[in-house]
Amino acid sequence: MNEEGFRIIIQKAFLFTWGGLVDTIHLSSRLRYVANYIPSGATFADIGSDHAYLPCYVCLRDEKAKAIAGELNEGPYQSALQQVKKQQLTDRIDVRKGDGLSVIQPNEVDTVVIAGMGGTLIKNILHDGRHRIHNVKRIIAQPNVDARSVRKWLYSHHYRLVDEKIIEEDGYYYEILVAEQQAGESKSLTEKEYYLGPFLIENKDPAFVAKWKEVIPKKERVIQNMRKAKQPDTEKIQAFVQELTWIKEEIGNDS
Ligand code: SAM
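Quick caveat: nothing in here was measured; it's all calculated off a predicted structure.

Under the definition given, this model contains 4 aromatic pairs. Both rings, one in Y195 and one in W212, keep their centres 5.2 Å apart while their planes meet at 50 degrees; by these two values the pair is tilted. In this pair, Y195 sits in helix 7 (residues 191-196) while W212 sits in helix 9 (residues 206-228), placing the two residues 17 residues apart along the sequence. The two residues Y195 and W212 agree in class, both being buried. Look at Y195 and W246: their rings are 5.9 Å apart centre to centre, the planes differ by 45 degrees, and that puts the pair in the tilted class. Residue Y195 is located in helix 7, and its partner W246 is located in helix 10 (residues 234-251); the two are separated by 51 residues in the primary sequence. When its relative accessible area of 11% is taken as the criterion, Y195 is described as buried. Since its relative accessible area comes to 13%, W246 is described here as buried.

Here it is, written out as C-alpha cells:
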C-alpha cells in the first residue's frame, strides 16, 4: 500500500518547543481515532504496520509509549524500518518482519492494534496468535469490511467491547472496535449487535446512519437478483432479508 493510497500526509513540522525540535506525523483521521484508543504509556503491537506511521505518531506524542511494528511483506517492512529510523525512534519501536502475532512473545505487549484489513483476516490473525495474547488487555481492531467476524471472535475469546466508533473518510466508512479482556465468560451479543455493533447502534452517529442508508438499496437489489436465480439460495436470501430488517429497525424504513 503506497502513501498516496492511504492519504497519510507526513509533514515534518519543525516546532520549537521547550524540548527543542519536534517531528510530527499527521495521520489520516481513521488512524488518529485508532491512536486515541491506545492507552497512554502503552507497550503496543501494530500488526500490519506498513510505514509504521501509527507507532511513530503515538511514540512521538507519548514519550512513555513503546511499540512493536509487525509486517508480513518486505516492501512495507522496509518502509517501516526507514520511517522509524527517520523519526529517531529505534530505541522505542522495534520493527519485526513476520506473519500476524508471530512477531510478539507472550507478555511483551499490553495492547494490540490491527487496522486497515478485512474482518476475516483480522479474525484469523487473532485466532492464529491467540496463545501470544493471553495478557493483552486491549485489542483495537479496525476492519475495513465484515466487522461482525471480529466481534464474534472477541466475544468467544474472553474479550468484550468497551467502545466502538464509526467514521467517514473520503467516502468510505470505517468501524473501530475497542475490546478489553475480562475474566470469565463474556455475555454474548445478539446477532443484530454482532452485525451492526452494540455501541454503534446505541450512539447512532451520523456516519452510522449514512453507511447503512447506503447499504439498503444495494442489499435490496442483491436480494431481488438472488430471487431471480434458477435455483435461489433460500438460506442466503433469508440471511440477507434478516440483515435488511435489522438495518431498517435501527435507521428507519425511509431514512
Ligand atoms: N495498518 C495500516 C493502516 O491501517 O493504514 C496498514 C494497512 S495495509 C492495508 C495492510 C498491511 O498489513 C499491509 O502492509 C500488509 O503487508 C500487512 N499484512 C497483511 N497481512 C498481514 C499479516 N498476516 N501479518 C502482518 N502484516 C500483514
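With that out of the way, let us pick up the pattern of salt bridges. Counting across every chain of the model gives 15 salt bridges. Taking the shortest distance from any N to any O, the salt bridge between R151 and E175 comes out at 2.8 Å. With R151 in helix 6 (residues 147-155) and E175 in strand 9 (residues 172-181), this residue pair connects regions lying 24 residues apart in the sequence. Between K211 and E175 there is a salt bridge whose closest N-O contact spans 2.7 Å. Of this pair, K211 sits in helix 9 while E175 sits in strand 9, and the two are 36 residues apart along the sequence. Considered together, K211 and E175 belong to a single accessibility category, that of buried residues. Salt bridges linked by common partners bring R151, E164, E175 and K211 together as one network.

Most of strand 9 is tucked away: 7 of the 10 residues are buried. With 4 bridges connecting them, strand 7 (residues 138-143) and strand 9 associate as antiparallel partners. Among the inter-strand pairings, R138 is bridged to a residue of strand 9, identified as E180. Bridge count between strand 8 (residues 159-169) and strand 9: 10 bridges; the pairing is antiparallel. The partner of L161 across the bridge, within strand 9, is A179. In sequence, strand 8 turns back onto strand 9 through a hairpin of 2 residues, with D170 there showing a positive phi of about 50 degrees.

So, about the pairing of strand 3 (residues 43-47). When you tally the buried positions in strand 3, you get 4 out of 5 residues, the bulk of the element. Judged from the 5 bridges that link them, strand 3 and strand 4 (residues 66-71) form a sheet pairing that is parallel. Counterpart to I47 in the pairing with strand 4 is G70. Chirality of the crossover, the property in question, places the unit of strand 3, helix 3 (residues 53-61) and strand 4 among those that are right-handed. Direction of pairing for strand 3 relative to strand 6 (residues 111-117): parallel, over a ladder of 4 bridges. Note that in strand 6 the partner of F44 across the bridge is T111.

Okay, the site of the ligand next. Residues in close proximity to the ligand total 17 residues, the closest being G48, E71, N73, D99 and G100. Within the contact set of the ligand, an oxygen atom lies 2.4 Å away from a side-chain nitrogen or oxygen of E71. Contact between the ligand and L72: a nitrogen atom at 3.3 Å from a main-chain N or O atom of the residue. In the complex, 87% of the free accessible area of the ligand, which totals 590 Å², lies under the protein chains. The set of elements that each furnish at least two residues to the shell around the ligand consists of helix 2 (29-36), strand 6 and helix 5 (119-128). Broken down by class, the residue content of the shell around the ligand amounts to 8 nonpolar, 5 polar and 4 charged.

One finds I38, L54, V58, I93, V113 and I140 to be the most contacted residues of the largest nonpolar core, which totals 30 residues. Listed by contribution, the elements that provide at least two residues to this core are helix 2, helix 3, strand 4, helix 4 (74-86), strand 5 (93-97), strand 6 and strand 9. Among the elements that line this core, the one with the most residues is helix 3, at 6 residues. Ignoring anything within four residues of it in the chain, the contact list for V113 reads V34, I38, F44, A45, D46, I47, L54 and I140. Core analysis: the second largest hydrophobic core is formed by 28 residues, A45, I47, I122 and A141 among them.

What counts, and at which threshold
- Residues numbered from 1 in each chain as written.
- Predicted model: local features only at pLDDT ≥ 70, side-chain atom pairs only at ≥ 80, totals over all residues.
- Heavy atoms only, no water.
- Phe/Tyr/Trp six-rings, centres within 6.5 Å; stacked < 30°, edge-to-face > 60°.
- Helix = DSSP H or I, 4+ residues; strand = E, 2+ residues; numbered from the N terminus.
- Buried < 20%, exposed > 50% of the residue type's maximum accessible area, 1.4 Å probe, protein only.
- Salt bridge = Lys/Arg side-chain N within 4 Å of Asp/Glu carboxyl O.
- Pairing = 2+ DSSP bridges.
- Right-handed = clockwise from strand over helix to strand, strands pointing away.
- Near = heavy atom within 4 Å.
- Polar contact = N/O pair within 3.5 Å; in protein donor to acceptor, adjacent residues only side chain to side chain.
- Areas by Shrake-Rupley, 256 points an atom, 1.4 Å probe, with all protein chains shown as cover.
- Nonpolar A, V, L, I, M, F, W, Y, C, P; charged D, E, K, R; others polar.
- Core = buried A, V, L, I, M, F, W, Y, C linked by side-chain atoms within 4.5 Å.
- Contact = heavy atoms within 4.5 Å.

No statement about biological role is implied by the geometric values presented.
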